[in-house]
Amino acid sequence: MTVNNNIKGITGGKLEGFVSTNPKKATESFASIFSQTLKISKHASERLKFQNINLDEVTLSKIEEAVKKAEQKGLKNDVLVLDGNKAYIVNIKNKVVVTVKDMSGLKDNIFTNIDGVLMI
């Protein structure tokens, strides 16, 4: 039997080469950290900022639940998710919020290629 002499032992209470003690900088937005299954597209992020819409963790959780229900019903493409005075277009297949719109600006808008509408 051959013993590998290249394995480092544990010394000084540290696991050398295995654990980083350097703090990592936050590089992800709150929404992407909170939501492991639902992503926010660049376009939707810009819409959120432009329309001054706050996508909080409660709303994000509701949208994720709506996506799960849509999947259970067999929907695979885009759906319109209505939440109070906000509308979200979510791609079910890729689990991406594609765009966001304040309902006050929806007059005369047409949504195409929508598989379903979910109200949360």
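Residues numbered from 1 in each chain as written. Predicted model: local features only at pLDDT ≥ 70, side-chain atom pairs only at ≥ 80, totals over all residues. Heavy atoms only, no water.

By the naming in an unreviewed UniProt entry, the chain is Flagellar operon protein, taken from Caldicellulosiruptor bescii.

Caption draft 1: Quick peek at the pattern of salt bridges. Inspection of every chain in the model, using the stated rule, returns 2 salt bridges. In this structure, Lys 68 engages Glu 65 in a salt bridge whose closest nitrogen and oxygen atoms are separated by 3.5 Å. With Lys 68 and Glu 65 both in helix H3 (residues 57–72) and 3 residues apart, this pair spans about one turn of that helix. For Lys 68, a relative accessible area of 41% translates into the label partly exposed. Residue classification places Glu 65 among the partly exposed positions, given a relative accessible area of 39%. Across the salt bridge formed by Glu 71 and Lys 95, the nearest N and O atoms sit 2.9 Å from each other. Taken together, the positions of Glu 71 in helix H3 and Lys 95 in the loop between strand E3 (86–91) and strand E4 (96–102) put the pair 24 residues apart, joining distant regions of the chain. Glu 71 gets classed as partly exposed once you look at its relative accessible area, which sits at 33%. (Salt bridge = Lys/Arg side-chain N within 4 Å of Asp/Glu carboxyl O. Helix = DSSP H or I, 4+ residues; strand = E, 2+ residues; numbered from the N terminus. Buried < 20%, exposed > 50% of the residue type's maximum accessible area, 1.4 Å probe, protein only.)

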